[in-house]
Amino acid sequence: QNEKARYVNGVDCRFCTDPAKIEKEMAYLRGSRELNQEDVGTLLLEFFRYFGHEYRSGIIRIRDTRSVLPPGDESKCFLVVDNPFEVGKDVANVDVSQHNSIRKEFRRAWSYLSQGRHFIELLSNRDRL
């Protein structure tokens, strides 16, 4: 807001470092929704559950790109992560041949952590589902 544009490869990369302005913008973006009170561990567990069991397709975005890109068929997009600085560019680079392996690892992670096991066990244990 009211700052000079900073372009990198044609993309405006301005960012704010003023905590008061950031909080004001976050309140605006939240609208009437309550602040998320979940801890990082719960969010990580839910990430593994969702992407291991429920997610089927679609582009993963952190911003609304409808004004920049026309809507398209996302049914064949698996773990496509949109670059917030270069809208339309996939930063995950997941090949079709890797889909099942990645989904199995998400499920394995969810299984371990939902049993109350420690994250370090997940990283060191090579058992596969």
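For clarity, every value in this text was computed on a predicted model and none was experimentally measured.

I'm lost on helix α1 (residues 19–30) in this one. Help?
Helical geometry: 3.6 residues make up each α-helical turn, so side chains three or four residues apart lie on a common side. Spanning twelve residues, α1 covers 16 Å between terminal C-alpha atoms, matching the ideal 16 Å at 1.5 Å per step. The N-terminus of α1 is capped by Asp18, whose side-chain oxygen sits 2.9 Å from the backbone nitrogen of Ala20. Of the residues one or two after α1, Gly31 is the one with positive phi, at around 65°.

Please explain a nonpolar patch on the surface as it appears in this structure.
Together, Leu44, Phe47, Phe119, Ile120 and Leu123 give the surface a local cluster of nonpolar side chains, amounting to about 470 Å² of exposed area. At the level of elements, α2 (40–54) and α4 (119–124) are the ones that each hand at least two residues to the nonpolar patch. A total of three residues in the nonpolar patch trace back to one element, the largest contributor, which is α4. Looking at the element boundaries, Leu123 is found in helix α4.

When you look at the packing of aromatic side chains in this model, what are you seeing that I'm missing?
Here the distance between the centres and the angle between the planes together describe a pair of aromatic rings. Here the structure, examined in full by the defined rule, presents nine aromatic pairs. Judged by centre distance (4.8 Å) and plane angle (45°), the rings of Phe47 and Phe51 are tilted. You can see Phe47 and its partner Phe51 sitting in helix α2, four residues apart, about one turn around the helix. For Phe47, a relative accessible area of 35% gives the class partly exposed. What makes Phe51 buried here is its relative accessible area of 11%.

What is the right way to read the confidence of the model for the protein chain from this model?
Parts of the prediction with low pLDDT should not have their coordinates interpreted in detail. Chain-level statistics for the protein chain give a pLDDT mean of 85 and a share of 90% at 70 or above. Averaged pLDDT values for the elements of the protein chain fall to 76 in strand β2 (residues 11–12) and rise to 95 in α2.

Before we go on, may I ask you to explain α2 in this structure?
The terminal C-alpha atoms of α2 lie 20 Å apart, and with 15 residues this matches the ideal 21 Å at 1.5 Å per residue to within 8%. Within α2 the residues assigned to the buried category are Phe48, Phe51 and Gly52. Across the axial projection of α2, the buried residues extend over an arc of 95°, all falling on one side. If you follow the buried residues of α2, they end up packed against β3 (59–60) and α3 (99–114). Its side-chain oxygen placed 3.0 Å from the backbone nitrogen of Gly41, Asp39 serves as the N-cap of α2.

About the thresholds
Residues numbered from 1 in each chain as written. Predicted model: local features only at pLDDT ≥ 70, side-chain atom pairs only at ≥ 80, totals over all residues. Heavy atoms only, no water. Helix = DSSP H or I, 4+ residues; strand = E, 2+ residues; numbered from the N terminus. Expected span 1.5 Å × (residues − 1). Polar contact = N/O pair within 3.5 Å; in protein donor to acceptor, adjacent residues only side chain to side chain. Patch = residues over 30% accessible without salt bridge, like charges linked within 9 Å, V, L, I, M, F, W, Y side chains within 5 Å. Areas by Shrake-Rupley, 256 points an atom, 1.4 Å probe, with all protein chains shown as cover. Salt bridge = Lys/Arg side-chain N within 4 Å of Asp/Glu carboxyl O. Phe/Tyr/Trp six-rings, centres within 6.5 Å; stacked < 30°, edge-to-face > 60°. Buried < 20%, exposed > 50% of the residue type's maximum accessible area, 1.4 Å probe, protein only. pLDDT = per-residue confidence, 0-100. Arc of directions from axis to C-beta. Contact = heavy atoms within 4.5 Å.

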